[in-house]
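Analysis of the macromolecular model
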Amino acid sequence: MKMDIIGKTYTLDFIVDPTMTARLDTIEIHKVCSTVTMTYFAELASRKAIEPYFESSENAIGGGINLQHKGMAAIGEHVSMTATITSFDGKILICDIEARLFGSDIVLCKGSQTQIVLNNEIIEQLIETVYLRNVSQ
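Every value quoted in this text rests on a predicted model; they were computed, and no experiment measured them.

Note that isoleucine 106 resides in the loop between β6 (92–101) and β7 (107–119). For the pair formed by isoleucine 106 and asparagine 66, sequence separation is 40 residues and the distance between their alpha carbons is 19 Å. Contact partners of isoleucine 106, with chain neighbours within four places excluded, come to Ala99, Arg100 and Leu101.

Glancing now at helix α1 (residues 35–50). Taking 1.5 Å of rise per residue, the 16 residues of α1 would be expected to cover 22 Å, and the 23 Å separating its terminal C-alpha atoms lies within 8% of that figure. Within the sequence span of α1, burial applies to Thr37, Met38, Phe41, Ala42, Ala45, Ser46, Ala49 and Ile50. Tucked into the core, α1 has its buried residues touching β1 (9–15), β3 (27–33), β4 (58–69), β5 (78–88), β6 and β7.

Across a sheet, paired strands are connected by hydrogen bonds in the backbone, their directions being either parallel or antiparallel. Taken together, the 5 strands give an open sheet; going across it, the order is β1-β5-β6-β7-β4, and neighbouring strands pair in antiparallel fashion. Whereas interior strands pair on both sides, the edge strands pair on one side only; in this sheet they are β1 and β4. Each strand axis lies, on average, 20 degrees off the axis of its neighbour in the sheet, ignoring direction. Across 9 bridges, the pairing between β5 and β6 is antiparallel. Its bridge partner being in β6, methionine 81 is matched across the sheet by alanine 99. Strand contacts of α1: β1, β4, β5, β6 and β7, with the helix running at about 140 degrees to β4, the strand carrying the most contacts. Where helix α2 (residues 120–135) meets the sheet, its contacts fall on β4 and β7, and the angle it forms with β7 comes to roughly 100 degrees.

Before going further, it helps to examine unusual backbone geometry. Even without glycine at this site, aspartate 25 takes up a positive phi of about 55 degrees. Looking at the secondary structure, you find aspartate 25 in the loop between β2 (21–24) and β3. For aspartate 25, a relative accessible area of 71% puts it in the exposed group.

Okay, the pairing of β7 next. Pairing analysis gives 11 bridges linking β4 to β7, with the strands arranged antiparallel. In the strand pairing of β7, leucine 67 is matched with glycine 111. Once β6 ends, the chain turns through 5 residues before running back antiparallel as β7, passing glycine 103 with a positive phi of about 75 degrees.

Another point: the pattern of salt bridges. Inspection of the entire model under this criterion finds 6 salt bridges. Among the salt bridges present, the one from glutamate 28 reaches lysine 31, with a minimum N-O distance of 3.0 Å. Its relative accessible area of 59% is what places lysine 31 among the exposed residues. Glutamate 98 serves as the salt-bridge partner of arginine 100, at 2.7 Å between the closest nitrogen and oxygen. With relative accessibility at 26%, the residue arginine 100 sits in the partly exposed group. Taken together, the shared-partner salt bridges in this structure form one network comprising Glu98, Arg100, Asp105 and Lys110.

The rules behind the values
- Residues numbered from 1 in each chain as written.
- Predicted model: local features only at pLDDT ≥ 70, side-chain atom pairs only at ≥ 80, totals over all residues.
- Heavy atoms only, no water.
- Helix = DSSP H or I, 4+ residues; strand = E, 2+ residues; numbered from the N terminus.
- Contact = heavy atoms within 4.5 Å.
- Expected span 1.5 Å × (residues − 1).
- Buried < 20%, exposed > 50% of the residue type's maximum accessible area, 1.4 Å probe, protein only.
- Pairing = 2+ DSSP bridges.
- Axes fitted to C-alpha atoms, helices over the stretch in contact; angles between N-to-C directions.
- Salt bridge = Lys/Arg side-chain N within 4 Å of Asp/Glu carboxyl O.

The following block contains the structure:
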C-alpha cells in the first residue's frame, strides 16, 4: 500500500429510507436511521477511502469498528459519511469516521474503523482455513 495516504478522505452520501430504521427483527422500534445502517455506511466509506491505494498484490480485512451514534436522522434526510485515513504503520490502517446531516453541523456519528492490510495470498490462506475448519466438523 502506498504510504503517503494519511489525510486522504472519502465521503459518501445517502438518503435515509424506511428500510434503514431501527428494528428488532421485523419490528420497527424507531422511525430514524439505525446504528446498524450508520455502521454499514461507515464501513463502506472507510473501504472506499483506502481502495485506490492498494498495490496489486494486497488487500485488507476488517479489524474492528468503534462508532458512537450521537444524533438522529429521519426518513428522507440526507446524510454525508466521511472516512479519513489517520494512521497506517504498514499493516494496520485506521480511518476516522464522521457522519453529518448534509450541509449542516449536526453530527450523527463519530468513530474509527481499523483494517489490516495483507498480501492477497495470506488472505486467501486465512479464508481457506475457515472453510477447511467447516468441512472437518
